[in-house]
Amino acid sequence: FPSHDSSGSRLVLGGSSTATTRRIDVRGNLSTVNTDLVIGETGHGGMVALYGTNSIGGNVVLRSGQLGYGSISAFGTSLVRISDGGFFGQQGTIGGGTEGERILTSNISLEGNATIGLGSFSSYLGGNIDLNGATRTITLGNSTFISGSITNGGINLVSSGSTRVFALNGNN
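Conventions we followed
Here the residue numbers are simple positions, counted from 1 along each chain's written sequence. In view of the model being predicted, local features appear only for residues whose pLDDT reaches at least 70, and side-chain atom pairs are presented and counted only at 80 or more, with totals across whole chains, interfaces and linings using the full set of residues. To get the side-chain values, take all heavy atoms of the structure and skip hydrogens and water. Where helices and strands are cited, they refer to DSSP runs of H or I of at least four residues and of E of at least two residues respectively, numbered from the N terminus. The classification of residues rests on relative accessible area computed with a 1.4 Å probe and restricted to protein chains. Under 20% of the type maximum is buried, over 50% is exposed, and intermediate values are partly exposed. Computed with a 1.4 Å probe, the accessible areas rest on the Shrake-Rupley method; for each residue, only the protein chains presented here act as cover. The criterion for strand pairing is that DSSP finds at least two bridges linking the strands in question. Residues belong to one nonpolar core when they are buried, are Ala, Val, Leu, Ile, Met, Phe, Trp, Tyr or Cys, and are joined through side-chain atoms within 4.5 Å. The contact definition used throughout considers only heavy atoms, calling two residues in contact when any of these lie within 4.5 Å. pLDDT: the predictor's confidence for each residue, scored from 0 to 100.

Q: Hey, could you run me through the overall build of the protein in this one?
A: Within the protein one finds zero helices and 17 strands. Looking at the protein as a whole, 45% of its 172 residues are labelled buried. If you sum the accessible surface of the protein, you get close to 7,600 Å²; carbon and sulfur atoms cover 46% of it.

And the structure:
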């Protein structure tokens, strides 16, 4: 790991291992051209966390496992596509920890049911979220604050904790 597919249009992190403890931290500045960054393939149960200021020339695609971000520039201007069963959220402290320093502005395409929130950090999502014409179940792994618009579907919300917050501040 990492690997390119045969067309060279995808950079795969996480591979197809069923290991649930594998973790990949990308702490440098990642740069790709016309290439999707794919996190996990079928059966991958590990975690990939992106830090730093990255320039990804395609989409960031979470197929399976967990995708964390430790920087508001972790995905650059890329669309983040989350497949069914994916786990997504802030990984670690960002900036000084204030809300304004933690808002991820990347747009998200939710292509299945997903868990938002990793560990003990709330997620602040400022980009728009496209539900792709379906009603999606979002499980709160931690509190989530969304200031972008949620469009093209509906949400069923699930939380295992009574203190978790799901706040919508955009035009929904």
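Next comes the rest of the account.
Q: Explain the sheet that holds strand β17 (residues 166-168) here, please?
A: Hydrogen bonds along the backbone pair up the strands of a sheet, which may run parallel or antiparallel. Spatial strand order, β10-β13-β15-β17: four strands in an open sheet with parallel pairing. Every interior strand has two partners, whereas the edge strands, β10 (103-104) and β17, have only one. Pairing of strand β15 (residues 144-146) with β17, which is carried by three bridges, proceeds in the parallel orientation. Paired with Thr 144 across the strands is Phe 166, a residue of β17.

Q: Explain the environment of Thr 135 to me, please; I cannot follow it from the model alone.
A: Positionally, Thr 135 belongs in strand β14 (residues 129-140). For the pair Thr 135 and Asn 152, spaced 17 residues apart in sequence, the C-alpha separation works out to 8.8 Å.

Q: Looking at this model, I keep getting lost on the nonpolar core. Mind explaining?
A: Note that soluble globular proteins tend to have their nonpolar side chains buried in a common cluster. Counting residues in each nonpolar core, the largest one holds 29 residues, and the members touching the most others are Phe 75, Phe 88 and Leu 125. Here this core gets three residues from one element, more than from any other, and that element is β14. Not counting the four nearest positions on each side in its chain, Leu 125 is found in contact with Tyr 69, Phe 88, Ile 103, Leu 104, Ile 108, Ile 116, Thr 144, Phe 145, Ile 146, Ser 147 and Gly 148.

Q: Sorry if this is basic, but what is going on with the side chain of Ser 109 here?
A: Here Ser 109 is to be found in strand β11 (residues 108-110). Take Ser 109: its relative accessible area is 6%, and that puts it in the buried class. Leaving out residues up to four positions away in the same chain, Ser 109 has contacts with Leu 79, Val 80, Arg 81, Ile 82, Asp 130 and Asn 132.

Q: Could you clarify how one ought to interpret the confidence of the model for the protein in this entry?
A: Residues shown with low pLDDT carry predicted positions that ought not to be read at fine detail. Averaged over every residue, the pLDDT of the protein is 84; residues scoring 70 or more account for 84%. Per-residue pLDDT, averaged within each element of the protein, yields its smallest value for strand β1 (residues 3-4) (45) and its largest for β11 (98). With pLDDT under 50 throughout, residues 1-8 is counted as low confidence; its partners more than four residues away or in other chains account for 13 contacts.

Q: Honestly, the pairing of strand β9 (residues 86-90) in this entry has me stumped. Any pointers?
A: Remark: a regular strand shows side chains that alternate across the two faces of the sheet. Counting buried positions over the five residues of β9 gives four, a clear majority of the element. Pairing of strand β7 (residues 66-69) with β9 involves four bridges; the strand directions are parallel. The residue of β9 that forms the bridge with Gly 68 is Gly 89. Taken together, the three bridges between β9 and strand β12 (residues 114-116) define a ladder with parallel strand orientation. Note that in β12 the partner of Phe 88 across the bridge is Ile 116.

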